[in-house]
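Listed below, chain by chain, are the residues.
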Amino acid sequence: GAGVSQSPSNKVTEKGKDVELRCDPISGHTALYWYRQRLGQGLEFLIYFQGNSAPDKSGLPSDRFSAERTGESVSTLTIQRTQQEDSAVYLCASSLGTGGAYEQYFGPGTRLTVT
Amino acid sequence: GIQVEQSPPDLILQEGANSTLRCNFSDSVNNLQWFHQNPWGQLINLFYIPSGTKQNGRLSATTVATERYSLLYISSSQTTDSGVYFCAVIGGSYIPTFGRGTSLIVHP
């Protein structure tokens, strides 16, 4: 009965370095979403995965951002050549499916600080 | 994409007061959720309510899908209700859109 987990909880990196953020969804949830939340702002959609379908990458802000998901389990969000404007909390959510009738459940987030 | 507007942006209450938070959206939706983001940043599910009315303790919510709005009612507010309340919708594109939130502070 574990919820969505994310690691690391905090990450401090130097500008220009690459980072990988991990998300473990709720078991059995086929849909997985990544969001970015800047300080004092709402949630900005980045990407979602639905089962074996091609992911919807329409929210990724630049080609420095990419994400992968292995089947219906773990997902990693990679940010290459980090910039200071990438500093934010990155949140992951999972649901039984996309679209209507499925609630999203959120992990605790990864706070990324780029120095 | 769908536009989501939440009001008021900020709300300050004394413990025991009641409040109403509003979420307006610009197009038909298949999915609407209310979340509470606590001071530690965790998003807590309050309601999944694409239409109709639901109640859970001191909280209740109503969505009038035909008029494209949802309301979250908090009665007898407590200090632990403090935080940010978000409305999130999903329409035909399957891409979730969040409002900017209502920041609530409840004073003892």
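Just so it is clear, the model here is predicted, and its values are computed rather than measured.

Trainee: What is the right way to look at the sheet that holds strand β6 (residues 52–56) of chain B in this model?
Mentor: Hydrogen bonding along the main chain pairs the strands of a sheet, whether they run parallel or antiparallel. All names here are of chain B. In spatial order, the strands read β1-β3-β8-β7-β6; together these five strands make up an open sheet with antiparallel pairing. The strands lining the two open edges of the sheet, one partner per strand, are β1 (4–7) and β6. The mean inter-strand angle of the sheet, taken between neighbouring strand axes irrespective of direction, is 15 degrees. Inspection of the sheet shows strand β3 (residues 19–25) paired to strand β8 (residues 69–74) by six bridges, in the antiparallel sense. Its bridge partner lying in β8, Cys23 is registered against Ser70.

Trainee: For this particular structure, what's the right way to read the nonpolar core?
Mentor: Counting 21 residues, the largest nonpolar core has Phe25(B), Trp34(B) and Val89(B) as the members making the most contacts within it. The next biggest cluster of nonpolar side chains, apart from the first, holds 20 residues, and it includes Ile47(A), Phe65(A), Ala67(A) and Tyr90(A).

Trainee: Explanation requested: the side chain of Asp86(A) in the structure shown.
Mentor: Residue and element names in this part refer to chain A. Checked against the element boundaries, Asp86 lands in the loop between β7 (75–79) and β8 (88–95). What makes Asp86 buried here is its relative accessible area of 1%. Within the structure, Asp86 has its side chain in polar contact with the side chain of Arg64 (distance 2.8 Å). In contact with Asp86, not counting residues within four places along its chain, are Arg36, Arg64, Phe65, Ile79, Leu112 and Val114.

The rules we used
Residues numbered from 1 in each chain as written. Chains lettered and ligands numbered in written order. Predicted model: local features only at pLDDT ≥ 70, side-chain atom pairs only at ≥ 80, totals over all residues. Heavy atoms only, no water. Pairing = 2+ DSSP bridges. Helix = DSSP H or I, 4+ residues; strand = E, 2+ residues; numbered from the N terminus. Axes fitted to C-alpha atoms, helices over the stretch in contact; angles between N-to-C directions. Core = buried A, V, L, I, M, F, W, Y, C linked by side-chain atoms within 4.5 Å. Buried < 20%, exposed > 50% of the residue type's maximum accessible area, 1.4 Å probe, protein only. Polar contact = N/O pair within 3.5 Å; in protein donor to acceptor, adjacent residues only side chain to side chain. Contact = heavy atoms within 4.5 Å.

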